[in-house]
Amino acid sequence: MPALVNAHRRVNLLVVGYRIRATSQKSLPFKCCNTADSGLLVGRWIPGHNSAVVLAVIHYPFIPGQVKKYLSELQSQTQVDLTVLGSWSMPKEGQEGMDSFLKDLSTIFPQKCWLQLSREIGKRGFTCQVVQNNGRLLQEREQKNGDDKIILIHYDQRKVMLSQLHPVQDVGQKSDVEASELRLVFQTVAQSQPLFFLDKYDDGPLKLSHWQSEGREASIIAELLKQASVPVCIFLTWLLSLWHWLCSFRILHLPPVLFISSKLSTCVQSVYRAVHFRTVFSPKKAATHVEFMRKANIFVSFLVDIALGLLLISWLYRENRISKLADTLVPVADRVAKELQELLEWLMGAPAGLKMNRALDQVLGRFFLYHIHLWISYIHLMSPFIERILWYVGLSACLGLTFALSVLSDIVALLTFHIYCFYVYGARLYCLTIYGLSSLWRLFRGKKWNVLRQRVDSCSYDLDQLFIGTLLFTILLFLLPTTALYYLVFTLLRLVVVLFQGVIHLSVDFINSFPLFAIGLRICRPYRLAEGVKFNVLCQEPGTPLHLMMEINPLKCSSVLQCYRTPTYSCYPKDSWAGLCKKLFVGELIYPWKQKTDKTD
Amino acid sequence: MAEEEFTDINGNSISLDCQTHSDFCREFTVTSPKLSLRKVMVYTCFVWLFAYAVFFFTENTAVLSSAIILTLAGMMIHIHFVKVDHETLLIIGSLGVQLSSSYASGRESTIFIEMNKLKDIVINEAVYMHSIIYYLCILIKDPADPETVTSVVPLFQSSNPRLNCLVQVYRSCQEILAQSR
């Protein structure tokens, strides 16, 4: 069955837990086997555990001197201490008398322990003997108490080589924490990649057998892309440096410009994307797995972003929708202003049956109405240019969907600027009223606030102080409902706008941080991201040690998201709900979406 | 291969299968009772009768189609994520312990715990609602600090066998753990 042979050709051995085994009583069919010819086992002894990883088989005939030279070369190349572990014999007809030959071999390659694995034709199980080397004499120790055991574990070399065990640890941390056996096995196979470059078509002095011995596998497209990517990266890095030089002009570092650019989410998003560019297109190759995944995630999400942006452009410009959108913009602004005017008229009357203070009501209402009138005039002034501006701004969506969403958020912020202004006026007025009231209430009770000690102290006031204080307190108290009502209305409007902007920011954040490449890798090549391993017991014949098949247990999707999420300038609210409510009650201005990089309020 | 019948804490019958692969490798499989056809039919009929009643009053066919889709989706979610068919404990001396849950749809979820992280396998008592139940659990330690138990992994959580079954598994596991110490 060719399919079975293909799959098995890649499987190699890992010997774990050497001590001479007791017999097992089962006789059940065996699934996989190593079909290599007889030879020497090359691998690594795992330090600290009684195990060895077998990486390849060197076939007869060979010259021991050349084997040793090759192994020391590889050792210096890969930093893995590869040694000859033992011998593997699968004797064909006419190759009897291997035993004495094998004994001679163990004197040529002196080891503390020498493994002898053998498989007979017709049988599926392997037998394994471990030979101890005491001094110069070779002794075969067979312990009769049957305590000791050998476990043979089969693994798929290619998958283990490409896989990364999670949680990812840096190579430098190995000395601090005792590395687990599994992690050492994965690291050994991954670092021994140069060992697998020699295949059976090479004309060297050694013939090796491993998963790639039928010929090295590579993809032409991947190699071409790798070659082409270097000049492209250099070019893009140069473009980026040009952009940085432009941004470093003094005129752009004046405080007003800095302030505006920190408020506009478009500028923030473009800065963020520039940082990403620098990460992705740097000509240096990614050193660690984490860096590589981050680069890949950023690159894929950037491509998807641009694709969605281009899709949006094709939809917007297809039936000249953008002009229609621009034409509806001014009437919408007019409509909003009209609604606000009606709201103010309602507040100036008897809103919800409440009786307002007539004079204050009129003052505030007229003030806000005049403000709206100014705003509408400004919008009408801009209206001939709006279509053109919007047409060109819409083209900026080719830089990505996130860019288009940021632009939308900024347009909404600019169009509702008057609501923001009203909120600030209302909040300031209300805040003043509340502070005045609390201070005068303390005076009414004969207390005062001690700024030095940050507490309330008693104080004796003069009669005229008390009189004026009480008068002012009464005035402010009776004006409170009016200011409170205006504050309430404008705060609610402001919160609606903030909510809408928040939704846009959340979706931008999502597109920025979602690790598409990692999720794709988890779905298409699940063995590359490993959470652990699973073992299957391979049914065996009596007289053979235990055979296990080791498979890779892929990482769960939720862990993938948690591990590989790209960090963003996160827009999480900086106040808890309780803090927010307290601020609203007192009248402090709220800025619910604060970027992490901002240090000042 | 010894298969025995036991009951779980709710009185349903479960079966325990012990397989000894070698002196130091044993596999225990606890099989829960299968999905009962009667229950499935009762639930489906109930949902659909309710949908028909609503349809009778509202004359909207969307109610019927949504009831069908809901039933199908609910059943698929139940057999893929909720209904456990059998749970397996594979203990390999000097290598580790593997826990595996196999769901009714065939999905398997596996965890492997290495021997150097495993402190012991014990039977614990717990007070659950109005009863005291016993459960088998694995005590996990950090290899750098062998005396502290960092976490506890309970076994056979979906099948919940009773003490007699747990004692059998416990004794077998302790034999193997004693060998590897």
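Each remark here, short or long, concerns the structure printed above.
Analysis parameters
Residues numbered from 1 in each chain as written. Chains lettered and ligands numbered in written order. Predicted model: local features only at pLDDT ≥ 70, side-chain atom pairs only at ≥ 80, totals over all residues. Heavy atoms only, no water. Helix = DSSP H or I, 4+ residues; strand = E, 2+ residues; numbered from the N terminus. Rg over C-alpha atoms; globule rule 2.2 N^0.38 Å. Salt bridge = Lys/Arg side-chain N within 4 Å of Asp/Glu carboxyl O. Buried < 20%, exposed > 50% of the residue type's maximum accessible area, 1.4 Å probe, protein only. Patch = residues over 30% accessible without salt bridge, like charges linked within 9 Å, V, L, I, M, F, W, Y side chains within 5 Å. Areas by Shrake-Rupley, 256 points an atom, 1.4 Å probe, with all protein chains shown as cover. Phe/Tyr/Trp six-rings, centres within 6.5 Å; stacked < 30°, edge-to-face > 60°.

A. Structural context of the overall build of chain B. Helices and strands together make up the secondary structure of chain B, namely three helices and nine strands. Its helices and strands in sequence order give chain B the pattern β-β-β-α-α-β-β-β-β-β-β-α, from N to C terminus. What you see for chain B is a C-alpha radius of gyration of 21 Å, clearly larger than the 16 Å of a compact globule of 181 residues, by over 25%. Projecting the C-alpha coordinates of chain B onto the three principal axes gives extents of approximately 70 × 35 × 35 Å.

B. Looking closely at the pattern of salt bridges. Residue and element names in this part refer to chain A. Scanning the model with the defined rule gives nine salt bridges over all chains in all. The residue R44 makes a salt bridge to D81 at a minimum N-O spacing of 2.9 Å. Here the residue R44 occupies a position in strand β2 (residues 39-46), and D81 occupies one in the loop between α2 (64-78) and β4 (83-89), the gap between them amounting to 37 residues. Its relative accessible area of 37% is what places D81 among the partly exposed residues.

C. Inspection of a nonpolar patch on the surface at higher detail. Residue and element names in this part refer to chain A. Judged by side-chain polarity, F235, W238, L239, L242, W243, W245, L246, F249, I251, L252, L254 and V257 come together as a nonpolar surface patch covering roughly 1,200 Å² of accessible area. At seven residues, helix α6 (residues 220-247) tops the list of elements feeding residues into the nonpolar patch. With respect to the element layout, L246 can be found in helix α6. When its relative accessible area of 39% is taken as the criterion, L246 is described as partly exposed.

D. Representation of the packing of aromatic side chains. Residues and elements named next belong to chain A. Counted under the stated rule, the structure contains 22 aromatic pairs over all chains. Arranged with centres 6.3 Å apart and planes meeting at 25°, the rings of F235 and W238 form a pair that is stacked. You can see F235 and its partner W238 sitting in helix α6, three residues apart, about one turn around the helix. Note on F235: relative accessible area 47%, which makes it partly exposed. Here the aromatic rings of F368 and Y486 are separated by 6.0 Å at their centres, their planes lie at 35°, and the arrangement is tilted. Of this pair, F368 sits in helix α11 (residues 358-395) while Y486 sits in helix α14 (residues 463-513); the two residues are 118 residues apart in sequence, bridging distant segments of the chain. Y486 shares its class with F368; the two are buried.

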